[in-house]
Structures are given as structure tokens and as C-alpha cells.
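Residues per chain, in single letters:
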Amino acid sequence: MIQPIENSYNVLTIKSDFPILSQTHQTGKPLTYLDNAASSQMPISVIDALSDYHRRYHANVHRGIHQLSELATEGYESARKKVRDFIHAKSKREIIFTKGTTEGINLVVNAWGRANLGAGDVILLSQMEHHANIVPYQMLASEKGFIVRYIPITDKGEIDMDAYQRLLTDNPVKLVGVTHCSNVLGTINPITEMARLAHEAGAIIVIDGAQSAPHMPIDVQVLDVDFFAFSGHKMCAPTGVGVLYGKQALLEAMPPFLGGGSMISEVTFDGFTTGELPAKFEAGTPNIAQAIGLGYAMDYLNGIGLDNIHHHIKTITEYALDRLSELPHIIIYGHSPNRGGVISFTLGDIHAHDLSQALDFEGIAVRSGHHCAQPLHRLLGIPATTRASFYLYTTKADIDRLVEALYKISTFFVSKR
Ligand code: C6P
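Treat the numbers as computed from the prediction; the structure is a model and nothing was measured. (Residues numbered from 1 in each chain as written. Predicted model: local features only at pLDDT ≥ 70, side-chain atom pairs only at ≥ 80, totals over all residues. Heavy atoms only, no water.)

Considerations on the environment of Q165
For Q165, the position within the fold is in helix α7 (residues 161–170). Along the backbone, Q165 and I151 are 14 residues apart, and their C-alpha atoms lie at a distance of 9.4 Å. (Helix = DSSP H or I, 4+ residues; strand = E, 2+ residues; numbered from the N terminus.)

Quick look at the pairing of strand β12 (residues 342–347)
The element β12 is largely enclosed, with a buried count of six among its six residues. Pairing of strand β11 (residues 330–333) with β12, which is carried by four bridges, proceeds in the antiparallel orientation. What sits directly across from I332, in β12, is F345. In this structure, β12 lies alongside strand β15 (residues 385–389), joined through four bridges in antiparallel fashion. Each bridged residue has a counterpart across the sheet, and for F345 the counterpart in β15 is T386. (Buried < 20%, exposed > 50% of the residue type's maximum accessible area, 1.4 Å probe, protein only. Pairing = 2+ DSSP bridges.)

Remarks on the domain arrangement of the protein chain
When cut into domains, the protein chain gives domain 1 (6–30 + 305–415) and domain 2 (48–302). Spacing between the C-alpha centres of domain 1 and domain 2 amounts to 28 Å. With 34 residues of domain 1 in contact, the opposing surface of domain 2 contributes 30 residues. For the pairing of domain 1 and domain 2, the buried interface totals around 2,600 Å² over both sides, and the portion due to carbon and sulfur atoms is 61%. Together, L306, L376 and Y391 form the three largest contributors to the area buried by domain 1 at its contact with domain 2, with a combined 24%. Here domain 1 and domain 2 share zero salt bridges between them. Taken together, the connections running from domain 1 to domain 2 amount to 17 residue pairs in polar contact (both at pLDDT 80 or more). If you list the elements that add at least two residues to the side of domain 1 that touches domain 2, you get α12 (306–325), β12 and α14 (374–380). Looking at the side of domain 1 that touches domain 2 element by element, the count peaks at six residues for α14. Split into classes, the residues belonging to the side of domain 1 that touches domain 2 amount to 17 nonpolar, 13 polar and four charged. (Domains from an automatic or database assignment. Contact = heavy atoms within 4.5 Å. Buried area = accessible area lost by both parts, 1.4 Å probe. Salt bridge = Lys/Arg side-chain N within 4 Å of Asp/Glu carboxyl O. Polar contact = N/O pair within 3.5 Å; in protein donor to acceptor, adjacent residues only side chain to side chain. Nonpolar A, V, L, I, M, F, W, Y, C, P; charged D, E, K, R; others polar.)

Some remarks on the site of the ligand
Taken together, 18 residues sit near the ligand, with T102, D208, Q211, S231 and R367 positioned nearest. Note that an oxygen atom of the ligand is positioned 2.7 Å from one of the side-chain N or O atoms of Q211. At 2.7 Å, a side-chain N or O of R387 approaches an oxygen atom of the ligand. Its free accessible area being 510 Å², the ligand has 87% of it covered by the protein chains. Class assignment of the residues belonging to the shell around the ligand gives a composition of five nonpolar, nine polar and four charged. (Near = heavy atom within 4 Å. Areas by Shrake-Rupley, 256 points an atom, 1.4 Å probe, with all protein chains shown as cover.)

Comments concerning helix α5 (residues 101–116)
For α5, which comprises 16 residues, the first-to-last C-alpha distance of 21 Å matches the rise-based estimate of 22 Å (1.5 Å per residue) to within 8%. Among the residues making up α5, those that are buried are T101, G104, I105, N106, L107, V108, V109, A111, W112 and G113. (Expected span 1.5 Å × (residues − 1).)

Some points on the sheet that holds strand β8 (residues 242–246)
The sheet built from seven strands is open, its strands ordered β2-β8-β7-β6-β5-β3-β4 with mixed pairing. The open sheet has two free edges, formed respectively by β2 (95–98) and β4 (147–151), since each of these has just one partner strand. Strand-to-strand twist of the sheet, defined as the mean angle between neighbouring strand axes without regard to direction, takes the value 20°. (Axes fitted to C-alpha atoms, helices over the stretch in contact; angles between N-to-C directions.)

Here we look at the sheet that holds β11
Backbone-to-backbone hydrogen bonds pair the strands of a sheet. The strands run either parallel or antiparallel. Read across the open sheet, the four strands follow the order β11-β12-β15-β14; overall the sheet is antiparallel. Each end of this open sheet is capped by a strand with a single partner; those strands are β11 and β14 (367–369). Averaged over all neighbouring strand pairs, the angle between strand axes comes to 30°, with direction disregarded. Contacting β11 and β12, α12 crosses the sheet at an angle of about 150° to β11. Here helix α13 (residues 352–361) sits on the sheet in contact with β12, β14 and β15, set at roughly 165° to β14.

Below is the structure:
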């Protein structure tokens, strides 16, 4: 078993950087926040950076030549450089600010997909995808007539790599869309290997990085992926900002997604020409404060070190798996040894919503439902799970509180029968 590293990592100091976490729940109990896969919290440095922007240099970007606009543009473009460094992209032209992962994937589908996919083409998604990585493809498939196939998963909740290779060779596959880390099973998928196989088969690979970018070092060049989308609000930044990374040659060759201000070079009454990257994919006024906030969130995460964060989450997840396994009637979904910080489970026949409401009465925030992965839940034969998800500030004491509360709740439900 991995030894707890809380002393050297100093999780309590990290936790004290997040003002929201020192609150008391309305029940008077301490607040234990275990819903980080939905949205994480913001450290004081990010909150201060947002406030500073709003107090000192709020203005539109790339438009005015007055002082406030220049400061805002500088802040916004400096955030782009921080993102480039954070994911090790070659150029900041490859960094497109979006609203979040969902918008990033929709951009790829509607721009690259619309230009490159047609009747009879095949694309592969996996059975563990979030709706954001299924529905946009289904929408375009119904219009264009391409075929969507699903890579099966094993009993452990991992991609079935043999089936993946068969699906790649059986068909002329044009695109593979897969999550880096499942938001239900926690599985971290072997993206470098999957990208190599996709490229050998002549397909591009699009990665949903919503659950991986916040938790582990990302190098898009080592992964050799064509597109990689993620969201700021799961990595200490505000909502309303995300990133789509794309290889420059692909971004240059594909048409724009949205039309409007900023994304053009020239407009006449008869038509328009597109602007340079990355503006070509950023029509309209962007979420400036949020992008600047994301840059500060990346500074904060870098200050702790993504390797350290990844190690801490692995340690906490192992501890949580050990402790949760003590509970009678618990079923945990996802058994890959290579996993991120989410644990989805059912507890006897207690409905997931009842369970998360009862946990809320104990001051513990988790998520229940299908977690926007309904096809996966159908495959698992269950309508809903309860999910606890961890981040850089989660302590062993948080896990202990969760387990104690689950004991208490299961005793209460059994006594009611
Ligand atoms: N999952 C969860 O509770 P947006 O909403 O665009 O920021 O992210 C969408 C998304 C895409 N892929 C994966 C793997 C995700 O986990 C998410 C967001 C949250 O699991 C909210 S549904």
C-alpha cells in the first residue's frame, strides 16, 4: 500500500489556501467537500486575481488601444502562454479558449468533423464516455451519415485494447474520441498507446481531458494527441473557461466553428476571410476574467507540482478504496489499478439520491446520479451511483468522515426496514 504523504505534502496548509473549505455546513457540522470531479474550489490567489482584474483592468481584449484594454489583453494573452506551458504545446496558436470541455469537443466535431466526416465513415468512442463526448458526434452523425462505434470496456472498467485494435483494423476509422480519465470509473486510459494505434490506422484522436488535466502532468506532445479538451472549473479556476488544444496544422486546415468578431481577417457584404490562429476559433468577446483566473490557477498548481498532486490523489484514493471496502453491501464500480480520484458506488439498495441527501445532512458533499454517463450506467445495469471525488486538498480525515457517515446512514436505513 502507498504510504500517506500528508506530512511532506502538507495537505492542511494547502487546504487553508481555500477559504470556502473552512466553512461550517448549515447543520453546524464541518463541511467536507467530495464533489471535485464536478467542480473543484478556488484558492485565495485565484479569487484575488479575479478581484484585481475586476477592480483594476476590466475591459475588452484585442479591440481598444486604451490602457485598460491593453492591460486586459496582456492578462488574457499571458494566460494563454501559461496554458501552453502547462500542457507543453508547441505554440500558443494551438491554445483556444473555450467555455469548457463540452464546447471544445463541439468545436472539433462541428469544425473538423463537418469538413472531414461523411456517409459510411466510422468513428470510435468508448463505452465509458461522458455525454459531452457522445452527443455532439451523434448529432453530426444523424446529419452526415457516418457510423459511431463503441470500444468495449473490460470487467475491471478498462478499455478493451484487443477489441480497440480489431475495431481499428476492421473499418476505415477516421476519428477516435476517448476520455483520458473516466468521471465514473476513475480509469486512466493508455492514451499514448491509443494515439499511436489510431495514427497507424490513419485516424485522428480527440481526448476528453476534463478529469485528467486537473490531476496529473499533461504533455500533449508526448501523448501525441490531435485534440485535447479540458475545463478550468475542475482545476481551481472559475466556471466559464476551458481550453481546446489542437495541432496547428489541423487547426489551420479546418473551417471556423462560430462566426463573428475577432475570428476574421476581412469582411465584405459578400463574404469574409478567416483570421489567424488562435483568434480564428475565438469569435466574440471571450471570458476574459475567467481565462486570467485559469492562468493563476495553473500558477498555483505548478507551485505545488502536478507530480505531487497526482501522487497525493493516488494515495488518498487508495486509502478511500481500503476504507470504503470495509462497509457491508457496498459495490464499487471500476477496478483499474491505474485510476484517478473518483470512486462511484452503491450501498445496498439505498437509492443514490437518498444517500447523497443523507450525506449532506452530515455536512458531506458528494454527487449522485448517472454523472452524465447514462450509457455506461446502463451497461453496468444500474440507474445511478453515488460518487466521492477527491482533489489536492482532500485529507484522510475527510475520507474517515465519509466512511463514518456511510456506516451511520446504512444502519439508519436498515433499521427502517
Ligand atoms: N463532468 C461531473 O460531475 P464541462 O461541463 O464542459 O466543464 O465538462 C464536461 C465533461 C466532459 N468530460 C468529462 C469526463 C467530464 O467529467 C465532464 C464534466 C462533471 O462528472 C459534470 S457533468
